[in-house]
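Examination of the molecular architecture
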Amino acid sequence: MLIKSKIKKKSRMNNQYYNTNAQIFYDSTINVEMSALYKKFLPLIPTQGYILDAGCGSGRDTLAFIQQGFYVEAFDASEVLVKLARDLTKQNIRHDTFLTFTTPTLFNAIWACASLLHVPTNSLTQTFAHLAQMLKPNAVFYCSFKYGDNEVIRNGRRFTNLNADLLKYYLKDTQLKIKETWISQDLRPKREQEKWLNAILIKEAL
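In short, a report on the structure. Keep in mind that what you see is a predicted model, and the values were worked out from it rather than measured.

All told, the structure shown has six salt bridges when counted by the stated rule. In this structure, Asp-61 and Arg-60 form a salt bridge, with 2.9 Å as the shortest nitrogen-oxygen distance. Each member of the pair, Asp-61 as well as Arg-60, carries the same accessibility label: buried. The residue Lys-83 makes a salt bridge to Asp-87 at a minimum N-O spacing of 3.3 Å. Here Asp-87 and Lys-83 lie together in helix 5 (residues 79-89), a separation of four residues that amounts to about one turn.

In structure tokens form, the structure reads like this:
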């Protein structure tokens, strides 16, 4: 019960930040150039495949995938960001968390760009396992974390920082296996010194 209470408290802190700063976050991320990441991710998905945008934020990537002919479902934990994403995409973005989101759809891919980094380490494996249930066998899962090996609180948000070894550790009791990892710099102006761990995961067939 104590662990669940701490997780909920940390989640509330992040949601409060995004609800309070939703427009600032939206404005700072909506026009980020994402084509390099899309070029690594989208060729792994069948034409007109189904993508889950998990923690969609502004809806930027949801809209980009729809415009390229994919079918997309999306959700976010911030009520205010959900509204902004709905306005942008004209889609029914759901208000959900990683562990409350469910759907009968089985996806060809999950896109979790800079979103799982807010999940505490003590629920990260559970989160990966839950989301993997909504993937078809051999489907792909993109995720990104700030590069590091600790949990930190910064500017009203908590972050789980990972390296490739830690990511492998948190995946060990799931059907997800690492296909590829790489380090990149932050794509936002004036934040180029920040490093990110990017990963393509594959859901193994039973």
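Anyway, onward from the coordinates.
Helical geometry: 3.6 residues make up each α-helical turn, so side chains three or four residues apart lie on a common side. Burial in helix 5 covers these residues: Leu-81, Val-82, Leu-84, Ala-85 and Thr-89. Buried residues along helix 5 cover an arc of 165° about the axis, so they all sit on one side. With its phi angle positive at about 60°, Lys-90 sits one or two positions after the end of helix 5.

Quick look at the environment of Gly-156 now. Within the secondary structure layout, Gly-156 lies in the loop between strand 6 (151-154) and strand 7 (157-160). Considered as a pair, Gly-156 and Phe-65 are 91 residues apart in the sequence and their alpha carbons are 30 Å apart.

What follows covers the pairing of strand 2 (residues 71-76). The sheet contact formed by strand 1 (residues 50-54) and strand 2 spans five bridges and is parallel. Considered in strand 2, the bridge of Ala-54 is made with Phe-75. Each parallel crossover has a hand, and the one from strand 1 via helix 4 (residues 60-67) to strand 2 is right-handed. Looking at chain direction, strand 2 and strand 3 (residues 94-95) are connected through two bridges and run parallel.

This part takes up the nonpolar core. With 31 residues, the main nonpolar core has Leu-116, Phe-128 and Phe-141 as its most contacted residues. The set of elements that each furnish at least two residues to this core consists of strand 1, strand 4 (107-112), helix 6 (124-132), strand 5 (135-146), helix 7 (164-171) and strand 9 (195-203). Per element, the largest residue contribution to this core is five residues, and it comes from strand 5. When neighbours within four sequence positions are excluded, Leu-116 is seen to be in contact with Phe-98, Leu-124, Thr-127, Phe-128, Leu-131, Phe-141, Cys-143 and Phe-145. Listed in part, the 19 residues of the second largest apolar core include Met-34, Leu-37, Phe-65 and Ala-109.

Here the focus is unusual backbone geometry. For Ala-114, which is not a glycine, the phi torsion comes out positive at approximately 55°. Looking at where Ala-114 falls in the secondary structure, it is placed in the loop between strand 4 and helix 6. For Asn-138, which is not glycine, the phi torsion reads 70° and is therefore positive. In this fold, Asn-138 is placed in strand 5. Taking relative accessible area as the criterion, Asn-138 reaches 54% and is therefore assigned exposed.

The rules behind each value
Along each chain, residues carry numbers from 1 onward, in the same order as the chain's sequence is written. The predicted nature of this model means local features are confined to residues of pLDDT at least 70 and side-chain atom pairs, given and counted, to a pLDDT of 80 or more, with totals for whole chains, interfaces and linings taken over all residues. Excluded from the side-chain calculation are hydrogens and water; included are all heavy atoms of the structure. Any Lys or Arg side-chain nitrogen located within 4 Å of an Asp or Glu carboxyl oxygen qualifies as a salt bridge. We call a residue buried when its accessible area falls under 20% of the maximum for its residue type, exposed when it is over 50%, and partly exposed in between, using a 1.4 Å probe and counting protein chains only. Secondary structure elements are taken from DSSP: a helix is a run of H or I of four residues or more, a strand is a run of E of two residues or more, and numbering for both begins at the N terminus. To obtain the arc, one takes the directions from the helix axis to the C-beta atoms. Pairs of strands are assigned from DSSP output, requiring at least two bridges between the strands. For the handedness criterion, the strands are oriented away from the viewer, and a crossover whose path from the first strand over the helix to the second runs clockwise is classed as right-handed. Side-chain atoms within 4.5 Å link the members of a nonpolar core, which is a set of buried Ala, Val, Leu, Ile, Met, Phe, Trp, Tyr and Cys residues. Whether two residues are in contact is decided by their heavy atoms: any pair within 4.5 Å suffices.

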